[in-house]
Amino acid sequence: MAALAGGGGGISLDPILTLVTSGRSQGYRWKGVLDVIAVLTVVTTSDAPSAAHSVVEWLLGLRATSTADSVAKRLSCARTAAAIFAPHTHAALTHPLVYAALEGMRRTEGPVALVRGAVPVTAQQYRQVVLRANASTWGPQYRAAFTLMWYGAMRFADVAAIREGGLWEVEETVVGVELPVTKTSHVGLPRGLEIAMPRRYLSLFLGPFLVSAPPVARAFDRAPLDIAYGVMSKLIKDTLGAEYTPHSFRKGAVQTLLAKGARVQDIPLLTLHRSLPGLMAYAGGPDAETRATVRALGALLAP
């Protein structure tokens, strides 16, 4: 794909981009920065149409292994980062030719499903996965991660950012969680979260990582729990199927809370969603369920 131009060859940036998109990076800003680096390596002219053509070739390379929607997200990250770090590439990234190419990619995929994104897991499926992780040789940090992603509806990136000493027992059924990096806060300004769960789960799955009090040392001076996206994804897919991802836990937890009567305005206290539209994006059910709901609403409006 991208190569660092110069001399008779180049240095491939693929390993860097693979690392950034593997789930080990903290937030989209770094994806955007490294995507801009990739764009800089393929844009070798100041001529706007030629530069845009190079960007389109880069997008086509991404499209070979990703959906158009994923490509659009990468492009958006690159545009945001370019506006800050490389303004001279921003024009190429926002050229009409780039917009047209992206629209063409979307159209060739056809209409999207009524429900997009991760397939939600249920409470029983969480139990299946955490028990499989408990019996695996990957390490106790994975059963802890699955438990936090279910009972805390946490994002994978937030769980992966937890450092040693970042989990402490608040009460017998409540764990305190330090969030050194999260989309809803600023890097370097830790924000705490309290998660309630049955005592047996807290003791069995989080016990090895619990400390007696909140940490005092800076988060980034402490070692991470070493939770890899690839390992977690494999455990999930091997147990539940290829359509499930780590984000399935957050989505499933939100849907379970809504189905069991939790108030919409209360759920962000756990999930840290900043807006109602952001939360409601997790509320969609399977296509068949959506169609049934629409028909039921129509019946209610009948004279």
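Note that the structure is a prediction, hence the values are computed from the model and not measured. (Residues numbered from 1 in each chain as written. Predicted model: local features only at pLDDT ≥ 70, side-chain atom pairs only at ≥ 80, totals over all residues. Heavy atoms only, no water.)

> Could you clarify how one ought to interpret the nonpolar core in this entry?
The tendency in soluble globular proteins is for nonpolar side chains to be buried side by side. Tyr142, Phe146, Leu148, Met154, Val177, Met232 and Phe249 are the most contacted members of the largest nonpolar core, which has 42 residues in total. Secondary structure elements with two or more residues in this core: helix H7 (123–135), helix H8 (140–151), helix H9 (156–160), strand S4 (174–179), strand S5 (191–196), helix H10 (199–206), helix H11 (229–240) and helix H12 (247–259). A total of seven residues in this core trace back to one element, the largest contributor, which is H8. Ranked by size, the runner-up nonpolar core spans 19 residues in total, among them Ala51, Ala52, Val56 and Ala82. (Core = buried A, V, L, I, M, F, W, Y, C linked by side-chain atoms within 4.5 Å. Buried < 20%, exposed > 50% of the residue type's maximum accessible area, 1.4 Å probe, protein only. Helix = DSSP H or I, 4+ residues; strand = E, 2+ residues; numbered from the N terminus.)

> Would you mind showing me how to read the confidence of the model for the protein chain here?
Interpretation of this model should avoid reading the predicted coordinates in detail wherever pLDDT is low. Chain-level pLDDT for the protein chain is 80 on average; 77% of the residues reach the 70-or-more range. Long-range and interchain partners of residues 1–29, a stretch whose pLDDT sits below 50, account for 47 contacts in this model, where long-range means more than four residues apart. Counting contacts from residues 186–190, a segment whose pLDDT is below 50, to residues more than four positions away or on other chains yields 11 contacts. (pLDDT = per-residue confidence, 0-100. Contact = heavy atoms within 4.5 Å.)

> Which parts of the structure should I look at to understand the side chain of arginine 143?
You can see arginine 143 is positioned in helix H8. Here arginine 143 occupies a buried position and makes no salt bridge, while the nearest side chain of opposite charge, glutamate 169, is found at 14 Å. Beyond its immediate sequence surroundings of up to four residues, arginine 143 is in contact with Val130, Ala133, Asn134, Leu204, Phe205 and Pro208. (Lys, Arg positive; Asp, Glu negative; His and termini not counted. Salt bridge = Lys/Arg side-chain N within 4 Å of Asp/Glu carboxyl O.)

> It is not clear to me how the packing of H7 against H11 should be interpreted in this structure. Could you clarify?
Relative orientation and spacing of two packed helices are given, respectively, by the angle between their axes and the distance between those axes. Two elements in contact, H7 and H11, have axes separated by 10 Å at closest approach and are oriented at 120°. Put simply, H7 runs oblique to H11. For the pair H7 and H11, the crossing hand works out as right-handed. When H7 is examined against H11, the residues Gln125, Gln128, Val129, Arg132 and Ala133 are found in contact with a partner set consisting of Leu235, Ile236, Asp238, Thr239 and Leu240. Tallied by class, residues from the contact of H7 with H11 come to five nonpolar, three polar and two charged. (Axes fitted to C-alpha atoms, helices over the stretch in contact; angles between N-to-C directions. Parallel < 35°, antiparallel > 145°, perpendicular 65-115°, else oblique. Left-handed = near helix turned anticlockwise from the far one by under 90°. Nonpolar A, V, L, I, M, F, W, Y, C, P; charged D, E, K, R; others polar.)

> Just to check I follow, could you spell out the packing of aromatic side chains for this structure?
Between two aromatic rings, the relevant description is the distance of the centres plus the angle of the planes. Under the counting rule described, the total for this entry stands at seven aromatic pairs. Seen in terms of ring centroids, tyrosine 126 and tyrosine 151 are 5.8 Å apart; in terms of plane orientation they differ by 85°. Their pairing is edge-to-face. Note that tyrosine 126 is positioned in helix H7 and tyrosine 151 in helix H8, a separation of 25 residues in sequence. Connected via pairs of aromatic rings, a cluster forms that spans Tyr126, Trp150, Tyr151, Tyr201 and Phe205. In this structure, arginine 79 is placed above the aromatic ring of tyrosine 99, and the distance from its NZ or CZ to the ring centre is 4.4 Å. (Phe/Tyr/Trp six-rings, centres within 6.5 Å; stacked < 30°, edge-to-face > 60°. Lys NZ or Arg CZ within 6 Å of the ring centre and 35° of its normal.)

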